[in-house]
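# Commentary on secondary and tertiary structure
Here is what each chain is made of, one letter per residue.
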Amino acid sequence: MKEHCTRCGLGFEREPGYWVGAVVINTAVIFATFLVVFGGLVLITYPDVPWGMVLIVTMVANIAIPIAFYPLSKTLWSGMEMSWHPLEPTEIEEAAKRMAG
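My aim in this report is to walk through the structure given alongside it, one point at a time.

The rules we used
- Sequence positions are assigned chain by chain, starting from 1 and proceeding in written order.
- This being a predicted model, a pLDDT of at least 70 is required before a residue's local features are given, and a value of 80 or more before pairs of side-chain atoms are given or counted; all residues contribute to the totals for chains, interfaces and linings.
- Each side-chain value is worked out from all heavy atoms of the structure, with water and hydrogens disregarded.
- Note on conventions: DSSP H or I runs of at least 4 residues are helices, E runs of at least 2 residues are strands, and numbering of each starts at the N terminus.
- Here the globule rule reads 2.2 Å times residues to the power 0.38, and the radius of gyration is calculated from C-alpha atoms.
- Think of it in three bands: residues with accessible area under 20% of the maximum for their type are buried, residues over 50% are exposed, and the middle band is partly exposed, with areas taken using a 1.4 Å probe on protein chains only.

### Examining the overall build of the protein
Scanning the protein for helices and strands turns up three helices and zero strands. Mapped from its N terminus to its C terminus, the protein presents α and β elements in the order α-α-α. For the protein, the C-alpha radius of gyration of 20 Å lies well beyond 13 Å, the compact-globule estimate for 101 residues. Oriented by its inertia axes, the alpha-carbon framework of the protein measures out at about 65 × 25 × 20 Å.

Below, the structure written as C-alpha cells:
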C-alpha cells in the first residue's frame with residue numbers, strides 16, 4: 001500500500017497503529033463468516049451433517065474472505081475514523097505540499 005494518496009497527497013496512516021481498527025473490523029467479519037457458514041451448513045444438512053464437508057467449506061471461507069475483505073476493511077476504517085476525527089490543518093497542509101512539489 002502506498003503511504004500517500006496519489007490524487008490528494010493525504011497520508012493514509014495518520015498515527016502509529018492506525019490500522020488496528022481495520023484489523024478489528026476484519027476479525028469481526030471473520031467471526032460472522034464462521035457463524036453464517038458453519039451454522040448455515042449444519043442447519044441445512046441436519047440431522048445427517050457431513051462434518052468433513054462442513055470443515056472444509058468453513059476453512060476455505062475463513063481463509064479466503066478475510067484476505068479478500070482486508071482492503072475494504074481499511075477503507076471502512078478510514079471513513080469511520082475520519083467521521084469522528086476529521087483532518088487536522090497540519091495534515092491538510094502536508095498533503096497540499098506533497099501535491100505541489
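### Things to note about the environment of Val 23
The residue Val 23 is located in helix H1 (residues 20-45) in this model. Assessed through its relative accessible area of 40%, Val 23 is described here as partly exposed.

On their own, these measurements won't tell you what the molecule is for.
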